[in-house]
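Listed here are the chains, written in short residue letters.
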Amino acid sequence: MVVNETYTLSNGVQAPKLGLGTWFIDDDKAARAVADAVEIGYRNIDTAQAYGNERGVGEGVRTCGVARDDLFVSSKLAAEIKNYADAAAAIDGSLDTMGLDYIDLMLIHSPQPWADFRGGDYAEGNREAWRALEDAYRAGKLRSIGVSNFEQRDLDNILSACTVAPQVNQLLVHVGNTPAELIAYCENTDILVEAYSPIAHGEILKNQDLAAMAARYGVTVPQLCIRYTLQLGTLPLPKTANPDHMRSNAQVDFVISDDDMHLLRNMEQFQDYGDSGKFPVFSGR
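Residues numbered from 1 in each chain as written. Predicted model: local features only at pLDDT ≥ 70, side-chain atom pairs only at ≥ 80, totals over all residues. Heavy atoms only, no water.

Novice: When you look at the UniProt feature "binding site: substrate" (unreviewed entry) in the protein in this model, what are you seeing that I'm missing?
Specialist: In the UniProt entry, the feature "binding site: substrate" (unreviewed entry) is given for His-109. Relative to the helices and strands, His-109 is located in the loop between strand S6 (105-108) and helix H4 (123-138). Apart from residues lying up to four places away in sequence, His-109 is in contact with Ala-48, Ala-50, Tyr-51, Lys-76, Leu-77, Ala-79, Trp-114, Ser-148 and Asn-149. (UniProt positions renumbered as here; feature names shortened; annotations may be inferred. Helix = DSSP H or I, 4+ residues; strand = E, 2+ residues; numbered from the N terminus. Contact = heavy atoms within 4.5 Å.)

The structure is reproduced here in structure tokens:
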């Protein structure tokens, strides 16, 4: 199963190829979700300060019955943090909240605060936050470091000043939203792309063309979408608290043909996220 496979980050750390996303899983339900995922075979768990569930995720990691060193746990600095002191304090805060001695991957959640997403220039603030990640990485608090929602210009800003290059860029990637040039740029700079919301916040389940293609492979639409992101060379992070969905999401050991991958890559840009349309302006408040 794909949960047993890994990508190797640029610093040699192994990241399991499929992760559990925990956005919108309440803190009091997160520990159970982590425990269920680990029992099924997941070893990669993703959270964020903005999700408000780090405590529950940490509890699940500590009590799931699998050795800590066998798990890969990610979190993210709140998007509003754009200075060294607050970033350093927030990293320690995540460790304390989760009750962990180290975090396997810590990301800057966004190059801009959510209230100004894709807006102003926060280049200096991102460099300052990155410096705090580098120091925590060298101190052994973080095993790997990266970014999220960073476009090429944002990556170039970090790469121009860093002493440790980002190892990951977590992006919105799904059928109907495939940032091919950015994915290629990350690949060429040895940055692994993690694909969050690979099922388009669930809204893509309504797509009849995808349903027909999935039926030809004898799989579900979510399985087709997750397999698609894997074949792009990215690491998908489907979010669910439902053990049946976790199990199904991990059953993606089939191959999408080159012709179908071409169709999926070029599917018309997905525009309607329905009830999830408020993404990505998520403040965590």
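Text resumes after the structure shown.
Novice: What should I look at first to understand the packing of helix H1 (residues 27-40) against helix H2 (residues 54-63) in this one?
Specialist: The description of two helices packed together rests on the angle between their axes and the distance between the axes. Two elements in contact, H1 and H2, have axes whose closest approach is 7 Å; the angle formed by their N-to-C orientations is 25 degrees. In this view, H1 runs roughly parallel relative to H2, as classed from their interaxial angle. The chirality of how H1 crosses H2 is right-handed. Taken together, the residues of H2 that come into contact with H1 (itself represented by Asp-27, Asp-28, Ala-30, Ala-31 and Val-34) are Glu-54, Arg-55, Gly-56, Val-57, Glu-59, Gly-60 and Val-61. (Axes fitted to C-alpha atoms, helices over the stretch in contact; angles between N-to-C directions. Parallel < 35°, antiparallel > 145°, perpendicular 65-115°, else oblique. Left-handed = near helix turned anticlockwise from the far one by under 90°.)

Novice: Whenever I open this one, the sheet that holds strand S8 (residues 168-172) confuses me. Can you help?
Specialist: Backbone hydrogen bonds hold the strands of a sheet together, and the pairing may be parallel or antiparallel. Spatially, eight strands are ordered S3-S4-S5-S6-S7-S8-S9-S10 in an open sheet, and the strand pairing comes out parallel. Looking at which strands have only one partner, the edges of the open sheet turn out to be strand S3 (20-21) and strand S10 (235-237). With five bridges joining them, S8 and strand S9 (residues 192-196) adopt parallel strand pairing. Note on S9: the bridge partner recorded for Leu-171 is Ala-195. (Pairing = 2+ DSSP bridges.)

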